[in-house]
Amino acid sequence: MNADELFLGSDRSGARYREAMGCAVEAVLAAFDDGGDPYSGTPPDALAARFDDPVVPEDGQGLVQTVDEVTERVLEHSVHPSNPRCAAHLHCPPMIPGLVAETLLTAANQSLDSFDQAPAATVLEERVVDALCDLFGFPADADGVFTSGGTQSNFQALLLARDRYCDRHYGRNVRAAGLPSAADSLRILCSEQAHFTGKQSAHHLGLGDEAVVTVPTDDDRRMDPDALDATLAELETRDEEPFALIATAGTTDFGSIDPLAALADRGVKHDLWVHVDAAYGGALAVSDDYGHRLDGIERADSVAVDFHKLFYQPISCGAFLLRDGGDFERMARNAAYLNPEAHDDVGVPNLVAKSVQTTRRFDALKPYVAFRALGRRGLATLVDRTLELADEAASLLEAAEDFELLCDPTLNAVVFRYRPRNGMDDDAVSELNAAVRRELLRDGRAVVARTDVDGVTSLKFTLLNPTATCDDVARMLDAIRSCGSAVADDPGVAV
Ligand SMILES: *Cc1c(COP(=O)(O)O)cnc(C)c1O
């Protein structure tokens, strides 16, 4: 291919682009046809065998053939997140407006690290951030930035929380001087159901996993405020210094939402930075029926929200919101080639100073297009539907004698165990559910997650697909039963 066919900007390349994009669309539609299974069931060694020719050949084979090859080798052996029986993780079916926005933003290739690489995109991101701050009830001087997702948003929250605490309590500028010698006693609180990225961030921030203290949860797997009080009292007797409290709005396994208002009270009383990890549950903010479950989020110091989960946008897309936008100053830096200080003085927007990334995608376009195209109500309908489906799935599990429902769903995650015989002990149930899950991956009729609940291997549906029905759930239960029989009949699998 000649250079003038490879890059946009000439007559020839325009025609090539149109043709190639058409080819890509056909490939997607062919690989993800309706009515098939969510996964081909191909095991890892068979997948590896499909890639036996050189990744970097001496001469290229052209685009059309390469797209065909990718369709056959990759797309046809990808899990199909839009299939209604793909229900394992917080892995959403991407909505068509999001796919369109993704095409536009990749073609425009704006980079949000400086205004001159992304003029309108910079302003649009700021507008979307303002709208999100409003959606969560933040005050006028709130601010935020788009991130790669919850991992990065949680990291950024704890970074700013740590630096604010060290500034206020030790007069220490961590950015310049590093951690104070008292850093050993710094603590982060979260529930025992909180996401692992709290610990991961503590590690990355030089505090270590052990700086994270987990607080017990109640029967609905929400942080118990009394247990939090007890934990805070205990830390005080040990002269340990909690500086941040992570409240989770939508835990990964059960979708439980910590009591946000009660935790905000503790935040005020104990001078804690309250960060709400709403990567999963943040989407409830658009819902008339369920939005109240986030009451208290408006009092947080910061919020993480993901758009590549319950907002149905293609990966990756998240936002970090900050109640007091001034706190971004704690991480700001100026680079002569991107955002010289002189620009700040004349009001040139400067997003690089708010991000842990430099070159950064224009992901804000995706929620913008979705919000504009569907409106809040349109999005709410999708979210509401999946919460209803989770209730229907829970009823189905409760009515089935060979399944055990572990918790009434709060969002759309449903955790359960396959227990075909009464009186099976927990060890046998663990082995059976783990074996069923392995067999399901080979089978491909349903993509279901496994998790551990109170030491017993369990199964999980995360019902993100608004087009899925109770029938689809019933078919997944049947697939589990049939894989259960297959593993019971296979002497190689200890059950
Ligand atoms: C998904 C998730 C994360 C991690 O976010 P990524 O977008 O995968 O980086 C963190 N916390 C919660 C509660 C999540 O659901």
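Below you will find a few notes about this structure.

1. Regarding the nonpolar core
- Core analysis: the biggest nonpolar cluster contains 65 residues, and Phe146, Leu189, Val276 and Leu321 have the highest contact counts within it.
- Taken domain by domain, this core gets at least three of its residues from each of domain 2 (111-361) and domain 3 (372-489).
- When sequence neighbours within four positions are dropped, the list of residues in contact with Val276 reads Ala247, Ala249, Leu260, Ile297, Ala300, Ser302, Val303 and Ala304.
- The next biggest cluster of nonpolar side chains, apart from the first, holds 32 residues, and it includes Tyr418, Met424, Ala435 and Ile480.

2. Some points on a negative patch on the surface
- Taken together, the side chains of Asp33, Asp34, Asp68, Glu72 and Glu76 present a region of like negative charge at the surface.
- Topologically, Asp33 is positioned in the loop between helix H2 (11-31) and helix H3 (44-49).
- Looking at Asp33, the relative accessible area reads 46%, which means it is partly exposed.

3. Focus: the site of the ligand
- Not every one of the 14 residues close to the ligand is listed here, only the nearest: Thr151, Asp277, Asp306, His308 and Lys309.
- Between Gly150 and the ligand, the recorded distance is 2.8 Å, taken from a backbone N or O atom to an oxygen atom.
- Burial of the ligand by the protein chains amounts to 86% of its free accessible area of 380 Å².
- When residues in the shell around the ligand are grouped by element, the largest group, 3 residues, is from helix H7 (residues 150-170).
- The class makeup of the residues in the shell around the ligand is 3 nonpolar, 8 polar and 3 charged.

4. With respect to the pairing of strand S5 (residues 273-278)
- Among the 6 residues that make up S5, 6 are buried, leaving the element largely enclosed by the rest of the structure.
- Burial of the side chains of S5 extends over both faces: Trp273, His275 and Asp277 are buried on one face and Val274, Val276 and Ala278 on the other.
- In the sheet, strand S4 (residues 241-248) pairs with S5 via 5 bridges, with the strands oriented parallel. Counterpart to Thr248 in the pairing with S5 is Asp277.
- The handedness of the S4 to S5 crossover, carried by helix H11 (residues 260-270), is right-handed.
- Strand direction decides the pairing type here: S5 and strand S6 (residues 302-306), joined by 4 bridges, are parallel.

5. Regarding the packing of aromatic side chains
- The full count for this structure, using the stated rule, is 9 aromatic pairs.
- Taking the centre distance of 4.6 Å and the plane angle of 45° together, the rings of Phe416 and Phe461 count as tilted. Of this pair, Phe416 sits in strand S9 (residues 413-418) while Phe461 is found in strand S11 (residues 456-462), placing the two residues 45 residues apart along the sequence.
- Taken together, Phe146, Phe307, Phe311 and Phe371 form an aromatic cluster joined through their ring pairs.
- One residue, Arg221, lies across the ring of Phe254, its end atom 4.1 Å from the ring centre.
- Here the basic side chain of Arg323 rests over the ring of Phe138, its NZ or CZ set 5.8 Å away from the ring centre.

So, how was this worked out
- Per chain, residues are indexed from 1 in the order of the written sequence.
- Given that the model is predicted, a residue must reach a pLDDT of at least 70 before its local features are reported, and side-chain atom pairs must reach 80 or more before they are shown or counted; all residues, however, enter totals for whole chains, interfaces and linings.
- No hydrogens and no water enter the side-chain calculation; it runs on all heavy atoms of the structure.
- What is meant by a nonpolar core is a set of buried Ala, Val, Leu, Ile, Met, Phe, Trp, Tyr and Cys residues, joined one to another through side-chain atoms within 4.5 Å.
- Working definition: with a 1.4 Å probe on protein chains only, accessible area under 20% of the residue-type maximum means buried, over 50% means exposed, and in between means partly exposed.
- Boundary definitions for the domains trace back to an automatic or database domain assignment.
- The criterion used for residue contact is that any of the two residues' heavy atoms lie within 4.5 Å.
- Patches here are clusters of residues that have more than 30% relative accessible area and form no salt bridge, with a 9 Å joining cutoff for like charges and a 5 Å cutoff for nonpolar side chains (Val, Leu, Ile, Met, Phe, Trp, Tyr).
- Using the Shrake-Rupley algorithm and a 1.4 Å probe, accessible areas are obtained, with residue cover drawn only from the displayed protein chains.
- In what follows, salt bridge is the name for a side-chain nitrogen of Lys or Arg lying within 4 Å of a carboxyl oxygen of Asp or Glu.
- When charges are counted, neither His nor the chain ends are considered; positive counts come from Lys and Arg and negative counts from Asp and Glu.
- For this purpose, a charge sits on NZ of Lys, CZ of Arg, CG of Asp or CD of Glu.
- Each helix corresponds to a stretch of at least 4 residues labelled H or I by DSSP, and each strand to a stretch of at least 2 residues labelled E; elements are numbered beginning at the N terminus.
- We define proximity as follows: a residue is near a molecule or strand when any one of its heavy atoms falls within 4 Å of that partner.
- For the purposes of these results, a polar contact is taken to be a pair of N or O atoms within 3.5 Å, where, inside protein, one atom must be able to donate a hydrogen and its partner to accept one; residues adjacent in sequence count only when each atom of the pair is a side-chain atom.
- Put simply, Ala, Val, Leu, Ile, Met, Phe, Trp, Tyr, Cys and Pro go in the nonpolar bin, Asp, Glu, Lys and Arg in the charged bin, and everything else, Gly too, in the polar bin.
- Only when DSSP finds a minimum of two bridges between them are two strands counted as paired.
- If you view a crossover with the strands going away from you and the path from the first strand over the helix to the second runs clockwise, you call it right-handed.
- Put simply, two rings from Phe, Tyr or Trp (the six-membered ring, in Trp's case) pair if the centres are within 6.5 Å, and we call them stacked under 30 degrees between planes, edge-to-face over 60, tilted for the rest.
- Definition used: whenever NZ (Lys) or CZ (Arg) falls within 6 Å of the ring centre and also within 35 degrees of the ring normal, the charge is taken to sit over that ring.

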